[in-house]
Amino acid sequence: MTVLAFRRRPLLAALVAGLLPLLSTPAVAQCPSLALQWGSKGSASGQFETPTAIATDASGNVYVADGHNDRIQKFSSTGSYLGQWGSYGGGNGEFYGPSGVATDAAGNVYVVDRFNYRVQKFTSSGAYLMQWGSHGSGDGQFDSPGKIAIDGAGNVYVADSWNQRVQKFTTEGVYVTQWGSPGSGNGQFDNPTGVATDAAGNVYVSDYYGNRIEKFSSTGTYLAQFGSGGSGNGQLLNPDGVAVDTDGNVYVADWENWRVQKFAASGAYLCQWAGPSSPPSTAPWYPSGITVDAAGDVYVTIWGLQRVDKFAAGTTPVRAITWGRVKNTYR
């Protein structure tokens, strides 16, 4: 018995030694896997010309800001075409480069009409309700606004890109407050493009040229930031859209790295994934808009490939994949 025990100990020690590297390896986060995709280049129903933003409503409908087609298209969660509204122009219900879209609890749809320097509000079927904004840098004015978000209390946040700020409004377009200025310090911006809110009312802003995500309270108090320029885990190159799921996880459309990265609410890196066509491929998988529905499924507008990719919630363990920088020739 003593001999056997003596012989087992080295064997057990060897097994433990072999397992230690595995046991010490950080747990692999669950990232979504590609479930379906729809769209192609064109102006017909269900086609896109530089889709820039995406949103879902409580019923699971999906709304896409079809930028160069100057319209909003509506789909089911399985990609079935349901309808559209908008055309080029400056009148009520017309658009000039829609760049952001969001929905409120009542199902109304808000669209950032970028080069008309305004926000327009519609019913879920596209009936025009109202608008606000004009060109400028005053309260309630815009200069090339980007994306839009609405929190649980109905507050509306707009990334006012070229004014280097975020503006906050009521659902009726009444100006509430603003924050931000040009620069790289805490609470400053270098072309803020994306904006999202969590269940606690915190606001996340993608600082496009600052290569970071900044986190604020609902009143604009700076709370934290994460990200830096690069292509490593947790680094960003021109982040565009940003979204938050019901658990508080943050998803970032990492534009020039051709990937989506997932972070905890604290900014801790969790995992990442890229599209079916990613570097070193020559196909431009530029993720622009991103949203997460109530089931945790992630929808991404693929700016370069003129389509929407849907990723099923937390189904694939994904280890880190790092892509090299790709020169931006599309924006």
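Refer to the structure presented above.
Residues numbered from 1 in each chain as written. Predicted model: local features only at pLDDT ≥ 70, side-chain atom pairs only at ≥ 80, totals over all residues. Heavy atoms only, no water.

Tell me about unusual backbone geometry, and name the residues and values.
Residue threonine 50 is not a glycine yet carries a positive backbone phi of 55°. Looking at the secondary structure, you find threonine 50 in the loop between strand S1 (30-38) and strand S2 (51-56). Notably, tyrosine 117 is not glycine yet its phi reads approximately 55°, a positive angle. For tyrosine 117, the location among the structural elements is in the loop between strand S7 (109-113) and strand S8 (118-122). (Helix = DSSP H or I, 4+ residues; strand = E, 2+ residues; numbered from the N terminus.)

Describe the layout of surface pockets, and please don't skip the residues or the numbers.
Size it by volume and the largest pocket reaches roughly 1000 Å³. Lining the largest pocket are 38 residues, and of these Thr56, Thr103, Ile150, Thr291 and Val292 sit closest to its centre. Taken together, the residues of the lining of the largest pocket sort by class into 19 nonpolar, 12 polar and seven charged. (1 Å grid on protein atoms, 1.4 Å probe; cavity = no way out; pocket = protein on both sides within 12 Å on 5 of 7 lines; lining within 4 Å. Points joined across faces, edges and corners; volume = space filled by probe spheres on them. Nonpolar A, V, L, I, M, F, W, Y, C, P; charged D, E, K, R; others polar.)

Report on the sheet that holds strand S21 (residues 269-274), specifying residues and quantitative values.
What links the strands of a sheet is backbone hydrogen bonding, and the strands pair in either a parallel or an antiparallel sense. On the basis of which strands lie adjacent, the open sheet formed by four strands has the order S18-S19-S20-S21 and antiparallel pairing. Looking at strand neighbours, the two that pair on one side only are strand S18 (239-244) and S21, the edges of this open sheet. Going from strand to strand, the sheet's axes swing by 20° on average, the running direction of each strand aside. Pairing geometry for S18 and strand S19 (residues 250-254), over four bridges, is antiparallel. Considered in S19, the bridge of valine 242 is made with valine 252. (Pairing = 2+ DSSP bridges. Axes fitted to C-alpha atoms, helices over the stretch in contact; angles between N-to-C directions.)

Pulling in residues and values, what's your account of the pattern of salt bridges?
Evaluation of the coordinates by the stated rule reveals 11 salt bridges. Aspartate 207 serves as the salt-bridge partner of arginine 212, at 3.0 Å between the closest nitrogen and oxygen. By relative accessible area, aspartate 207 is classed as buried at 1%. With its nearest N and O atoms 3.2 Å apart, the salt bridge here joins arginine 212 to glutamate 214. By the burial criterion, arginine 212 is buried, and glutamate 214 matches it. Within the structure, one salt-bridge network assembled from shared partners comprises Asp207, Arg212 and Glu214. (Salt bridge = Lys/Arg side-chain N within 4 Å of Asp/Glu carboxyl O. Buried < 20%, exposed > 50% of the residue type's maximum accessible area, 1.4 Å probe, protein only.)

So what's going on with the sheet that holds S8? Which residues, and what values?
Taken in spatial order, the four strands of this open sheet run S6-S7-S8-S9, and their pairing is antiparallel. At either margin of the open sheet sits one strand with a lone partner, and together these are strand S6 (98-103) and strand S9 (128-132). Taking the axes of each pair of neighbouring strands and ignoring which way they run, one obtains an average angle of 20° across the sheet. Examined bridge by bridge, S8 and S9 share four bridges and lie antiparallel to one another. In the strand pairing of S9, phenylalanine 122 is matched with tyrosine 128.

For the state of the cysteines, give the residues involved together with the corresponding values.
Applying the stated criterion across every chain yields a total of one disulfide. A sulfur-sulfur separation of 1.8 Å characterises the disulfide bridge that pairs cysteine 31 with cysteine 271. Taking the torsion about the S-S bond as the criterion, the cysteine 31 to cysteine 271 disulfide, at about 90°, is right-handed. Taken together, the residues cysteine 31 in strand S1 and cysteine 271 in strand S21 connect sequence positions 240 residues apart. (Disulfide = S-S within 2.5 Å.)

If you had to explain the environment of valine 292 to someone new, which residues and values would you point to?
Relative to the assigned elements, valine 292 resides in strand S22 (residues 287-292). Overall, the relative accessible area of 12% leaves valine 292 in the buried class. Residues valine 292 and aspartate 245 lie 47 residues apart in sequence; the distance between their C-alpha atoms is 5.8 Å. Setting aside its immediate chain neighbours within four residues, valine 292 contacts Thr56, Ala243, Val244, Asp245, Tyr251, Asp297 and Val298. (Contact = heavy atoms within 4.5 Å.)

Please give an account of the nonpolar core that cites residues and values.
Grouped together as the largest cluster of nonpolar side chains are 19 residues, with contacts concentrated most on Tyr251, Val260, Trp273, Ile290, Val298 and Val300. Among the secondary structure elements, those contributing two or more residues to this core are S19, S21, S22 and strand S23 (298-302). Ranked by residues supplied to this core, first place goes to S23 with three residues. Among residues more than four places away in sequence, those in contact with valine 300 are Val260, Pro287, Gly289, Ile290, Arg307, Val308, Asp309 and Phe311. Core analysis: the second largest hydrophobic core is formed by 13 residues, Ala102, Trp132, Phe142 and Val156 among them. (Core = buried A, V, L, I, M, F, W, Y, C linked by side-chain atoms within 4.5 Å.)

Any details on the side chain of lysine 121? Residues and values, ideally.
Mapped onto the elements, lysine 121 comes out in strand S8. Residue class for lysine 121 comes out buried when judged on its relative accessible area of 6%. In contact with lysine 121, not counting residues within four places along its chain, are Asp104, Asn108, Val109, Tyr110, Ala127, Tyr128, Leu129, Met130, Thr171 and Glu172.

Just give me the short version of the packing of aromatic side chains, but keep the residues and values in it.
Here the structure, examined in full by the defined rule, presents 27 aromatic pairs. Seen in terms of ring centroids, tyrosine 110 and tryptophan 132 are 6.5 Å apart; in terms of plane orientation they differ by 65°. Their pairing is edge-to-face. Here tyrosine 110, found in strand S7, pairs with tryptophan 132, found in strand S9; they are 22 residues apart in sequence, far enough to count as distant. Summarising the aromatic geometry, the rings of phenylalanine 122 and tyrosine 128 are spaced 6.1 Å apart at their centres and angled 75° between planes, so their arrangement reads as edge-to-face. Residue classification places tyrosine 128 among the partly exposed residues on the basis of a relative accessible area of 29%. Of the aromatic side chains, those joined through ring pairs into one cluster are Trp38, Phe48, Phe75, Tyr81 and Tyr299. (Phe/Tyr/Trp six-rings, centres within 6.5 Å; stacked < 30°, edge-to-face > 60°.)

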